[in-house]
Amino acid sequence: MTGSLALTPASPADAQATGGSPQSAEAKIRQSQAEGRVRQSQTVISGDARFQILSPTLIRTEYSPGGRFADRDTHNVIGRDDFRPTRFTKRISKGWLTIDTGAATLRYRVGSGPFDQDNLSVRLATGRQSVTGAPWAGLGTPECPAGVLCEAEDLALAGLSVAANHGDFTGQGFAAGFEGTGSALTFAATPPAAGTRQLTVRYANSTGGDGQNVSRTLTVTVDGAAAGTLTLPPTANWGSWALASVPLELPAGRHEIALVRTPADSGNVNVDSLALLAPGEAYPVPVPPSPQPCAFGTLCEAETGARTGGAKAADDHNGYAGEGFLAGLERTGAGVALTVTGVPAAGDYRVQLRYANGQAGSQPVQSRTVSVTANDDPAVTATLSPTSGWDFWRTQSVPVSLRAGTNTVALGCPTDTSCHVNVDTVAVTSRTAPLLAPHAPLGGYRRALDGVNGGARTYAGLLFSDGWSLLDDSAVHTSAGHQDGYVFAYGQDYRRALRELSTLTGPTKLLPKWAYGVWYSEYYDRTAAEFQDIVSRFRSEGVPLDVLVVDTDFKAPDKWNGWSIDESRFPDWNAFASQLRKQGVRTGLNIHPSILGSDPLFPRAQEIAKGKLQRTGCNSGADCYVFDFGDADQLKAYFWLHDQMNADVDFWWLDWCCDAARSSRTDITGDTLINKEYADRTGFAFSRAYGSLQAGGYANPGPVPTGPWADKRTTLHFTGDTISNWETLRFTVGYTPAESAATGLAAISHDIGGHTGGLQEPGSEPGSTKLPDDLYARWVQAGTFQPIDRLHSNHSDRLPWQYGEAASASAKKFLNLRKKLQPYTYAAAAEATRTGTPITRAMYLAYPQEQEAYATAGSQYLYGPDLLVAPVTTPGTSASTTVWFPPGSTWTDYFTGKKYRGGTTATITTTLETMPVFVRSGAKRPG
């Protein structure tokens, strides 16, 4: 009943075993009973809300109308019963339930219904900072009041991503795509009275990914029922926007309204904004937000102040708090003024600035200056050192004198050459206050890096700088109104958070030891004999090779969609693979999830699929069919085709490029589903991860409601087709540890050398290109200290002997070093599986109290427990790299033996023969 408080056991019958040794029926019953007793002692129920205390820093929050709670595992959550019992206290006072674990305090207003930002909070200590978070804030359906323009990117998006790559949009971007069935944009509205309303949408519709430039449609639903069709004629181009409307009959009360691409709709449009209007009412003009006051002692978003001189709000980088950050500080007069309220007394205080200082255009990376002015006092100049890119932030404090009460604090550019920084948050505090960490993501992930040219938007995962987050598992439940989320309250113990994520959602996959050696894979048409020559050349050149991956050209009758091995290229694949295995080389084959209607195997595959394979067209033409992995019959047909190859392989490489295969299941993404199927067959999946193609497509993949949590149990993440240039190399240095920190997935594989485009020169083979020698050598160096070292490209040279003498010698040296480091890498991978701490470790995982750990996270990382790695990402046969040496250790140059004291920063100059790698004091030099 509402307002009740009880300790209630979950049903032992609902518990599922998660692995271990075989048990007798009696042992299983005893285990289930024991788990039930533990679960009972750790459970608090208040009406339709249930709280399960899994650890002092992890609490399950579940709301279910009617108290129909769920105890079975979900696809994400499989280890709920694997935590030790936790001591906690509970009480009800003044209508609030309080649960205190000692590390975290959770409060819920009794009888207040579903969780939201007002009725549930968590309080914790993050270093010296006291933090209060609202885990369920912003997770409901956003309200769009009648008569108000609402930006599409601020509404609830499913299967859509936010983009800003076309012009003339309003707000911070637009909702992009509607490329897959089920893509939807949802908002809530409560008209003042029943009657006819007009839903008007600002959209763009040009030539889509399907090659068509035609009128498109979306279905409008009200409270889940179809209420009309929105017809969207073509616009001049993707940067040209038009309005389209549809009438809606709305009863009084609150309604959830959605734009949905159903199977009957064509989608493939972008939506900038919308408004629910009275019939004939003009479309509203966007109104810039008013400046917001900043209370003393709190974190405030810099962009919400009064901006001047070209200063603007932006969100085109990663790692910021709130909705964006302050940008455009590029000339004298640019700045922002904040009204600071509640200063307790006249005196000396501190202004805390969280900023990023990367490379501004063609200017060199350098320290910048910002003026800080309080009221009419003389300005104080703050010098802001570089950070390791625009996605990485540092907090610095500046002294100011303030009067009691309300003050104006302004940031500005002293000269045209100063500033050139982005400012995320501002706080005005006492002189002794700790630096305040905002709720800003640490690390980030995306389905793939396809088309990435120097940088890309990523999405928040587990870790946030103020020490708490919510893993929302609600999307896997089918019952209406069911909320199921896990509140992590780890403070600055980020490694604990990753360990508990590993326990809750399963550990990251430990690959076979050979996978941590040297891989070669190139999209270039070769025969078995030619591949064997390459393998022999590796040996004669003294270069190790552990894995050979054969790209798509081996297939017949079609090189892209075929499901037979072309015997003109591979007369006997199994004999070829067996011969390579005797030489210590494992093999994998490329797969595209599509089949031509003309393929001899198609009739039987369609028969097995019971006629459900869909003709969509693909890379090889219109007569192309794809698979719905969520349909058991189509999944059976898909793997039947694999069996027809009769190929002895160590793994399959699922290359999703340009195909429309998908999953109709809503409780699990297409990636997660198919990756598990591959792992069940060959031990691991080699594939993209986290979200099916319906979530924004290749160029701009977005997050999905089911989250990025399950793929780490099955998948070696192939990150896709990047552009080959220095900027992309620089991006991947920070991306790999960032993805692992966000999702817990340790096995990440980039194309070493990038995939295509960028900096290319004529290659050594017909139709091939090559990288500049320095870029090739430095990328191979970086690959030596990545979870997977996979030389790959699109018709571009990646073999050491295809390059000049210095680059070739460097590549050979580092590929041999990779082989020597294989036991160390495997041990780090095993540790990742055991503890959740990844192979590549962002600096803040080990040094959470050091601002430099956050600021340098884009240029250096720990590789395993003992190696500090700062890959060179600038051109030239000699390069200088700035390295921060963390305190508490002495760091020894791996190649020269020179020692560096912890807590210092040094400039390290290297030729192509070496790179900045350092061994922690007290550790044995690996390799």
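Our structure's up above, just so we're on the same page.
Just so it is clear, the structure is predicted and the values come from calculations on it, not from any experiment. (Residues numbered from 1 in each chain as written. Predicted model: local features only at pLDDT ≥ 70, side-chain atom pairs only at ≥ 80, totals over all residues. Heavy atoms only, no water.)

Caption draft 1: Local environment of the state of the cysteines. Counted by the stated rule, this structure contains four disulfides. Paired through a disulfide, Cys-144 and Cys-150 show a sulfur-sulfur distance of 2.1 Å. When the S-S torsion is 105 degrees, as for the bridge of Cys-144 with Cys-150, the disulfide is right-handed. Classification of Cys-144 as buried rests on a relative accessible area of 0%. Taking relative accessible area as the criterion, Cys-150 reaches 9% and is therefore assigned buried. (Disulfide = S-S within 2.5 Å. Buried < 20%, exposed > 50% of the residue type's maximum accessible area, 1.4 Å probe, protein only.)

Caption draft 2: Looking closely at the packing of aromatic side chains. All chains considered together, the criterion is met by 49 aromatic pairs. When the centroid spacing of 5.3 Å and the interplanar angle of 65 degrees are considered together, the rings of Phe-570 and Trp-573 count as edge-to-face. This pair shows no difference in class: Phe-570 is buried, exactly as Trp-573 is. Seen from their ring centres, Trp-573 and Phe-576 are 5.3 Å apart, and the 50 degrees between their planes marks the pair as tilted. Placement of both Trp-573 and Phe-576 in helix α4 (residues 573–582) is noted, with a separation of three residues, approximately one turn of the helix. For Trp-573, a relative accessible area of 4% translates into the label buried. The positively charged end of Arg-447 is found above the aromatic ring belonging to Trp-656, 5.1 Å away from the centroid. (Phe/Tyr/Trp six-rings, centres within 6.5 Å; stacked < 30°, edge-to-face > 60°. Helix = DSSP H or I, 4+ residues; strand = E, 2+ residues; numbered from the N terminus. Lys NZ or Arg CZ within 6 Å of the ring centre and 35° of its normal.)

Caption draft 3: Representation of the sheet that holds strand β39 (residues 594–596) within the structure. Spatially, the three strands line up as an open sheet ordered β39-β41-β40, and their pairing is antiparallel. Each edge of the open sheet is held by one strand with a lone partner, namely β39 and β40 (614–615). Two elements, β40 and strand β41 (residues 624–626), share two bridges in a ladder whose sense is antiparallel. Bridge pairing in β41 links Gln-614 to Val-626. (Pairing = 2+ DSSP bridges.)

Caption draft 4: Representation of the sheet that holds strand β4 (residues 89–93) within the structure. Pairing in this open sheet of five strands is antiparallel, and the strands run β4-β5-β6-β7-β8 from one edge to the other. Whereas interior strands pair on both sides, the edge strands pair on one side only; in this sheet they are β4 and β8 (129–133). Ignoring which end each strand starts from, the neighbouring axes of this sheet average 15 degrees apart. (Axes fitted to C-alpha atoms, helices over the stretch in contact; angles between N-to-C directions.)

Caption draft 5: Spotlight on the pattern of salt bridges. All chains considered together, the criterion is met by 41 salt bridges. With its nearest N and O atoms 3.8 Å apart, the salt bridge here joins Arg-495 to Glu-831. Of this pair, Arg-495 sits in helix α2 (residues 494–505) while Glu-831 sits in helix α11 (residues 822–835), and the two are 336 residues apart along the sequence. Since its relative accessible area comes to 33%, Arg-495 is described here as partly exposed. Asp-648 is the salt-bridge partner of Arg-581, the closest N and O atoms lying 3.0 Å from each other. Taken as a pair, Arg-581 in helix α4 and Asp-648 in the loop between α6 (632–645) and β42 (651–654) lie far apart in primary sequence, 67 residues in all. According to the relative accessible area criterion, Asp-648 is partly exposed, its value standing at 28%. Connected through shared salt-bridge partners, Arg-50, Arg-60, Glu-62, Asp-71 and Asp-484 make up one network. (Salt bridge = Lys/Arg side-chain N within 4 Å of Asp/Glu carboxyl O.)

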